[in-house]
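# Summary of structural features
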Amino acid sequence: MPRESRDVVFVDGVRTPFGKAKSLYAETRADDLVVNCVRELMRRHPEVPAERVDEVAIAATTQTGDQGLTIGRTTALLSGLPKSVPGFAIDRMCAGAMTAVTTTASGIAFGAYDIAVAGGVESMSHHPMGSGVDPNPRFLAEKIVDPAALVMGSTAENLHDRFPSITRDRTDAFAALSQQRVEQAYADGIIQEALVPVATRSAEHGYGLATADEPPRPGTTVEALSGLKTPFRPHGRVTAGNAAGLNDGATACLLADAGTATELGLPTAMTMVSFAFAGVDPEVMGVGPIPSTEKALAKAGLSIDDIGAFEINEAFAVQVLAFLDHFGIDDDDPRVNPYGGAIALGHPLASSGVRLMIHLARSFRDRPEVRYGITTMCIGLGMGGTVVWENPHFTGEGAHQ
């Protein structure tokens, strides 16, 4: 018998402060980072009986060591959820947490779950990008991918080649804007709302408490960025200043069907409208959000003109600018990443999708005239992912929908 799909709502999301690799969380276990997030979600929402959580989906890009052992299940157990609550692990590289959300949301829409926890974690301190990986030699021997596809910085340089109008000056200006917006969001108390303090320990510094993101560089200027080296290519355009760094961190969010949210008195921060993933040439993986966004918009029956809020992961500035150019959006459009992005905050790979959602949910609160928004990101090996969301606070007055 055909089933009617149910509305899926994003109730709330939290995250650890993001750290630089080999620094803040160098001696902190990855699973402990995400456990902190799940415990905080449950603490913030005592109206959710723990036994009502139907699934815990946690993403990690390198699923070994303290990010292995089916980390969704181990997170559920370590978080103190009843042993009856199952869990699983997901890997879609940078879009791991995004895929944890879309996968469990699909289960909610189908009726398999009423409540789910989804998130991601990455310790690039413990598991540097590519560690332990053994790419099949056929990739190169049979010319399935260009060798540059296996080096993310090289894929960004390839984007510059493909879109010569995206100059080094433009990427540095975008990077400086990201830093400025994060600095302002901190000054306004916006980013702190979602942060979970994390106890830290190191042989050098003893015990501490992480309460703020480590990567941001307040006061960053275009002039300072222009002097940075280009590590991926001589005379290149990609630098440590106009790309996200190597980071550690975790995120988690609470999802529910609309009826269960009403039953339990849970807030609705956003309602999912549609989502899509798409593949592109791996050596220019940064263009992935373009086809995934077109696909998600088509599924929702919307156009880019209907979108009033954008959260685009800033893996590289050139990747964001390629997206903006494609859709005719200005580099400094206030609808795009208004609280800054990964260039300033950091990008702990599999965790970042939920960080985007946390920012979009706050943007919806701040802008009730906006009806629809998107979270989107490029994904290693040539993919893009996009989720379209609806604002429950939408007033319909003077709407830029």
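Residue numbers run consecutively from 1 along every chain, following the written order of its sequence. Residues qualify for local features only when their pLDDT is at least 70, as the model is predicted, and side-chain atom pairs are given and counted only at 80 or more; totals for whole chains, interfaces and linings, by contrast, use all residues. Remark: hydrogens and water are excluded; side-chain values derive from all non-hydrogen atoms of the structure.

As annotated in an unreviewed UniProt entry, the protein is Acetyl-CoA acyltransferase from Auraticoccus monumenti. The heading Sequence similarities (unreviewed entry) in the UniProt record of the protein holds the text "Belongs to the thiolase-like superfamily. Thiolase family." UniProt positions are given in the numbering used here, feature names are shortened, and annotations may be inferred rather than shown by experiment.

Glancing now at the UniProt feature "domain: Thiolase N-terminal" (unreviewed entry) in the protein. As recorded in UniProt, the sites labelled "domain: Thiolase N-terminal" (unreviewed entry) are residues 8-257. Across residues 8-257, helical content stands at 31% and strand content at 20%; the span's end C-alpha atoms are separated by 5 Å. Segments assigned H or I by DSSP are reported as helices when at least four residues long, segments assigned E as strands when at least two residues long, and all are numbered from the N terminus.

For the largest pocket, the calculated volume is near 730 Å³. Lining the largest pocket we find 34 residues, and of these A240, A243, A244, G245 and L246 sit closest to its centre. When contributions to the lining of the largest pocket are tallied by element, the ones reaching two or more residues are α5 (152-162), α6 (168-187), α7 (222-226) and α11 (342-345). When residues of the lining of the largest pocket are assigned to their parent elements, the largest contribution, 3 residues, is made by α6. Here the term charged refers only to Asp, Glu, Lys and Arg, the term nonpolar to Ala, Val, Leu, Ile, Met, Phe, Trp, Tyr, Cys and Pro, and the term polar to all other amino acids, Gly among them. The residue makeup of the lining of the largest pocket, split by class, is 23 nonpolar, 9 polar and 2 charged. Put simply, the grid is 1 Å and covers the protein atoms alone, a cavity is a trapped set of points that fit a 1.4 Å probe, a pocket is an open set with protein on both sides within 12 Å along at least five of seven lines, and lining residues have an atom within 4 Å of a point. Grid points are joined across faces, edges and corners, and a volume is the space filled by probe spheres set on the points.

With respect to the helices and strands, S125 occurs in the loop between β5 (115-123) and α4 (138-141). Side-chain atoms alone can form a polar contact between residues adjacent in sequence; in general such a contact is a pair of N or O atoms within 3.5 Å, and within protein one must be able to donate a hydrogen while the other accepts it. A distance of 2.5 Å separates the side chain of S125 from the side chain of D248, its partner in a polar contact. Ignoring anything within four residues of it in the chain, the contact list for S125 reads K20, A21, K22, S23, A26 and D248. Whether two residues are in contact is decided by their heavy atoms, any of which lying within 4.5 Å being enough.

Let's shift gears to the pairing of β5. Remark: exposure states derive from per-residue accessible area (1.4 Å probe, protein chains only) relative to the maximum for the residue type, with buried under 20%, exposed over 50%, and partly exposed in between. Counted residue by residue, β5 has 9 buried out of 9 residues, so it is predominantly covered. Burial along β5 is two-sided: the face carrying I115, V117, G119, V121 and S123 and the face carrying A116, A118, G120 and E122 are both buried. As paired elements, strand β3 (residues 55-59) and β5 share 5 bridges and run parallel to each other. Following the sheet pairing, A57 is matched in β5 by A118. At least two DSSP bridges between two strands are needed for those strands to be called paired.

Relative to the assigned elements, S274 resides in strand β9 (residues 270-279). Classification of S274 by relative accessible area gives buried; the value is 7%. Put simply, S274 and E390 are 116 residues apart on the chain and 9.6 Å apart in space, counted from C-alpha to C-alpha. Residues contacting S274, with those up to four places away along its chain left out, are A296, K299, A300, T386, V387 and V388.

Attention now goes to the environment of R201. Its location among the elements puts R201 in strand β6 (residues 198-202). The contacts of R201, once residues within four sequence positions are left out, are E27, G206 and Y207.

Before going further, it helps to spend a moment on the pattern of salt bridges. Basic side-chain nitrogens of Lys or Arg form a salt bridge, by our definition, when they fall within 4 Å of a carboxyl oxygen of Asp or Glu. Inspection of the entire model under this criterion finds 22 salt bridges. Linking R355 and E311 is a salt bridge whose minimum nitrogen-to-oxygen distance equals 3.9 Å. Placement of R355 in helix α12 (residues 352-366) and of E311 in strand β10 (residues 307-312) is noted, with a sequence separation of 44 residues between them. With a closest N to O distance of 2.9 Å, D366 and R362 form a salt bridge. Of this pair, D366 and R362 are both found in helix α12, 4 residues apart, which corresponds to roughly one turn of the helix. Of the residues examined, R362 reaches a relative accessible area of 14% and is grouped as buried. Because the salt bridges share partners, they merge into one network encompassing E157, D161, R233 and R237.

Here we take up the packing of aromatic side chains. Stacked, tilted and edge-to-face are the three classes assigned to paired rings of Phe, Tyr and Trp, where Trp is represented by its six-membered ring and a pair needs centres within 6.5 Å; plane angles under 30 degrees give stacked, over 60 edge-to-face, the rest tilted. Applying the stated criterion across every chain, the model contains 4 aromatic pairs. Taking 4.8 Å as the distance between ring centres and 55 degrees as the angle between the ring planes, the aromatic pair formed by F323 and F327 counts as tilted. Of this pair, F323 and F327 both sit in helix α10 (residues 317-327), 4 residues apart, which is roughly one turn of the helix. Using a relative accessible area of 1% as the deciding quantity, one classes F323 as buried. Stacked on the ring of F18, the Lys or Arg R15 has its end atom at 4.4 Å from the ring centre. Look at NZ for Lys and CZ for Arg. If either is within 6 Å of the ring centre and within 35 degrees of the ring normal, a charge sits over the ring. The residue whose ring lies beneath R92 is F277, and the NZ or CZ to ring-centre distance is 3.7 Å.

The description of two packed helices rests on the angle between their axes and on the distance between the axes. Axes here mean lines fitted to C-alpha atoms, for a helix over just the part in contact, with angles spanning 0 to 180 degrees between N-to-C directions. It is the contact of helix α3 (residues 96-110) with α12, at a shortest axis distance of 5 Å, that shows an interaxial angle of 70 degrees. On the basis of their axis angle, the class for α3 and α12 is roughly perpendicular. Contact with α3, carried on its side by A97, M98 and V101, involves G353, V354 and M357 of α12 and no other residues of that element. Counted by class, the contact of α3 with α12 contains 5 nonpolar, 1 polar and no charged residues. In what follows, roughly perpendicular refers to angles from 65 to 115 degrees, roughly parallel to angles under 35, roughly antiparallel to angles over 145, and oblique to any angle outside these ranges.

Moving on to the packing of α6 against α10. Packing of α6 against α10 brings their axes to within 9 Å, and their N-to-C directions diverge by 100 degrees. Between α6 and α10, the angle is such that the two are roughly perpendicular. Of the residues in α10, those in contact with R170, T171 and F174 of α6 are A317, V318, V320, L321 and D325. The residue inventory of the contact of α6 with α10, partitioned by class, reads 5 nonpolar, 1 polar and 2 charged.

Another aspect to go through is the UniProt feature "active site" (unreviewed entry) in the protein. Under the UniProt annotation, "active site" (unreviewed entry) lies at C94, H347 and C378. Their sequence span is 285 residues, while the largest C-alpha to C-alpha distance among them is just 12.0 Å; these annotated residues converge on one region. In this structure, the largest pocket is lined, among the annotated residues mentioned, by C94, H347 and C378. Relative to the assigned elements, H347 resides in the loop between α11 and α12. With relative accessibility at 5%, the residue H347 sits in the buried group. Dropping the residues within four chain positions of it, H347 is found in contact with C94, M124, A244, G245, N247, N313, A315, A342, S352 and M377. A relative accessible area of 1% means that C378 is categorised as buried.

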